[in-house]
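Topology and contacts: notes
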Amino acid sequence: MNEGIGLCMSGGGYRAMVFHLGALWRLNEIGWLPKLDRISSVSGGSIAAGVLAVHWKNLDFPAVVADIRRMAGATIDVGAVLKGVFLPGTACNRVRDAYDKMLFHGATLQDLPDRPRFVFDATNVQSAALFRFSKPFARDWKVGEIPNPRIPLAVAVAASSAFPPVLSPLELDPAKYGGDFHPAPPYPSKIVLTDGGVYDNLGLETVWKDCATVLVSDAGGDAAPEPEPHRDWPRHSYRVLDIIHNQVRALRTRAIVEAYVRGERTGTFFSVRSDVTHYGLADALPCPIAQTAALAALPTRLKALTSAQQECLINWGYAVCDAAMRRHVDPSLPAPARFPFARGVAL
């Protein structure tokens, strides 16, 4: 393990994308974005990371904010699903096209900066392993590696955010982009991918071996109680899968927190479901738990958020990132004077 600094941004649809924007806003203000060696992202986090990557050269943060907010104002999942059902092409390809048109404008993985290394995490349905997209390579350790991939950034982000079952899968054909890919038997040349959250919704795996300092921004959903669960097999199956997904995320969360406690890693973990008072800072920005819980309950969708919802989520990500960084990483950091937006976190 080297001494690198990694940032992990979880999945969670537009809720995650906008919450992470608030965290990135605060990290930029306190000078921590340029310190990052690796940014690992999943699903909704990958949309935010992709926008940050294309603006990284001059670290044009106002442009990052504008692009993410414009994306957050457009519903793309329903249209993608309907077009995928009634027209040629898959729903995931429709989402890919929307990302490229609105955010990435033909950029490929080779247009990413060398540092930090941006890693967009997807799940290989064939091998049941993590598939990572980055500038030096796209790889699944079981199947093989595509060196220096010229894969469009929109494809990487769409694969990372291919929520099953409605936006999944994405079929990747490396030959289409001139990739030198020689898969290990018995795997075929075309790769079938789904949402990165299926394997690792926190994006931890691609930073764990290389970074001594790990910052985790978690905007994933939660499996809410269902006192009267459905008995029919489609909805019952969905509920069981939701519980499995929730438990896997909980295990990863406990692992990273225990690593902090044992001194194996430095850094901090903060969540859309955190209680800011637990950080014990008298000067933390005011974020009543009833109000932040309402933000955490926003659906995991690529569905338009209102301007008020966006501003509240940005403020919440900003505030809890600030509290976590000052409590666990650098107590000398100055407290913020105000939220990015005057409305605070109340919807």
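The structure we're discussing is the one just above.
Residues numbered from 1 in each chain as written. Predicted model: local features only at pLDDT ≥ 70, side-chain atom pairs only at ≥ 80, totals over all residues. Heavy atoms only, no water.

What about the overall build of the chain?
Counting its regular elements, the chain contains eleven helices and ten strands. What you see for the chain is a C-alpha radius of gyration of 19 Å, in line with the 20 Å of a compact globule of 347 residues. In terms of overall dimensions, the chain has a C-alpha envelope of 55 × 50 × 40 Å along the principal axes. For the chain, buried positions account for 55% of its 347 residues. Across the chain, contacts joining residues at least 24 apart in sequence account for 74% of those joining residues at least 6 apart. Computed over 36 positive and 33 negative side-chain charges, the inter-centroid distance for the chain is 2 Å. (Helix = DSSP H or I, 4+ residues; strand = E, 2+ residues; numbered from the N terminus. Rg over C-alpha atoms; globule rule 2.2 N^0.38 Å. Buried < 20%, exposed > 50% of the residue type's maximum accessible area, 1.4 Å probe, protein only. Contact = heavy atoms within 4.5 Å. Lys, Arg positive; Asp, Glu negative; His and termini not counted. Charge placed at Lys NZ, Arg CZ, Asp CG, Glu CD.)

Digging into the layout of surface pockets
Roughly 270 Å³ of volume is contained in the second largest pocket. Along its surface, the second largest pocket is lined by 13 residues, and Val257, Phe269, Ser274, Tyr279 and His328 are the ones closest to its centre. Contributing elements (two or more residues each) for the lining of the second largest pocket: helix 9 (233-262) and strand 10 (266-271). No other element matches the four residues that strand 10 contributes to the lining of the second largest pocket. Here the residues of the lining of the second largest pocket sort into five nonpolar, six polar and two charged. (1 Å grid on protein atoms, 1.4 Å probe; cavity = no way out; pocket = protein on both sides within 12 Å on 5 of 7 lines; lining within 4 Å. Points joined across faces, edges and corners; volume = space filled by probe spheres on them. Nonpolar A, V, L, I, M, F, W, Y, C, P; charged D, E, K, R; others polar.)

Some thoughts on the environment of alanine 324
Relative to the helices and strands, alanine 324 resides in helix 11 (residues 307-328). With sequence-adjacent residues up to four places away left out, alanine 324 is seen in contact with Thr268, Phe270, Tyr279 and Val329.

Let's talk about unusual backbone geometry
That bond from serine 168 to proline 169 is cis: its omega, 5°, falls within 30 degrees of zero. With respect to the helices and strands, proline 169 occurs in the loop between helix 6 (153-160) and strand 7 (170-172). At serine 43, a residue that is not glycine, the phi angle is positive and equals roughly 55°. Its location among the elements puts serine 43 in the loop between strand 2 (38-42) and helix 2 (44-54). The class of serine 43 is buried, set by a relative accessible area of 2%. In the Ramachandran plot, leucine 59 falls in the positive-phi region, its phi being about 45° despite a non-glycine side chain. On the secondary structure map, leucine 59 appears in the loop between helix 2 and helix 3 (61-72). Given a relative accessible area of 25%, leucine 59 falls into the partly exposed group.

Remarks on helix 6
Within helix 6, eight of the eight residues are buried, which leaves the element mostly enclosed by the surrounding structure. What helix 6 keeps buried is the set Leu153, Ala154, Val155, Ala156, Val157, Ala158, Ala159 and Ser160.

Observations concerning the packing of helix 5 (residues 91-104) against helix 6
Packing of helix 5 against helix 6 leaves a shortest axis separation of 8 Å and a crossing angle of 130°. Here helix 5 is positioned oblique relative to helix 6, judged by the angle of their axes. For the pair helix 5 and helix 6, the sense of crossing is right-handed. Across from Cys92, Arg96, Tyr99, Asp100 and Phe104 in helix 5, the residues of helix 6 making contact are Leu153, Ala154, Val155, Val157 and Ala158. Class assignment of the residues belonging to the contact of helix 5 with helix 6 gives a composition of eight nonpolar, no polar and two charged. (Axes fitted to C-alpha atoms, helices over the stretch in contact; angles between N-to-C directions. Parallel < 35°, antiparallel > 145°, perpendicular 65-115°, else oblique. Left-handed = near helix turned anticlockwise from the far one by under 90°.)

Re helix 10 (residues 289-296)
Within helix 10, burial applies to Thr292, Leu295 and Ala296. In a view along the axis of helix 10, the buried residues occupy a sector of 100°, so they form one face of it. Next to the buried residues of helix 10 lie helix 1 (13-29) and helix 11. (Arc of directions from axis to C-beta.)

Things to note about the state of the cysteines
The final tally for this structure, using the stated rule, is zero disulfides. Here cysteine 312 is not cross-linked by a disulfide; its sulfur's nearest cysteine counterpart is in cysteine 287, at 10 Å. (Disulfide = S-S within 2.5 Å.)

Remarks on the nonpolar core
The biggest cluster of nonpolar side chains holds 96 residues, and the ones touching the most others in it are Tyr99, Phe120 and Phe133. For this core, the leading source of residues is helix 11, giving eleven residues. The residues touching tyrosine 99, leaving out its near neighbours within four places in the chain, are Ile47, Met71, Ile76, Phe104, Ala154, Val157, Ala158, Ser161 and Leu302. Judged by nonpolar contacts, the second largest core, of ten residues, contains Cys8, Leu202, Val214 and Phe269. (Core = buried A, V, L, I, M, F, W, Y, C linked by side-chain atoms within 4.5 Å.)

Brief notes about the environment of isoleucine 76
Examined against the element boundaries, isoleucine 76 turns out to sit in the loop between helix 3 and helix 4 (77-86). With a relative accessible area of 10%, isoleucine 76 lands in the buried category. For isoleucine 76, the contacting residues outside a window of four places in its chain are Tyr14, Met71, Val95, Ala98, Tyr99 and Leu302.

A closer look at the side chain of glutamine 309
Within the fold, glutamine 309 resides in helix 11. Ignoring anything within four residues of it in the chain, the contact list for glutamine 309 reads Leu298, Ala304 and Leu347.

Fair warning: the whole summary comes from geometry, so function is off the table for now.
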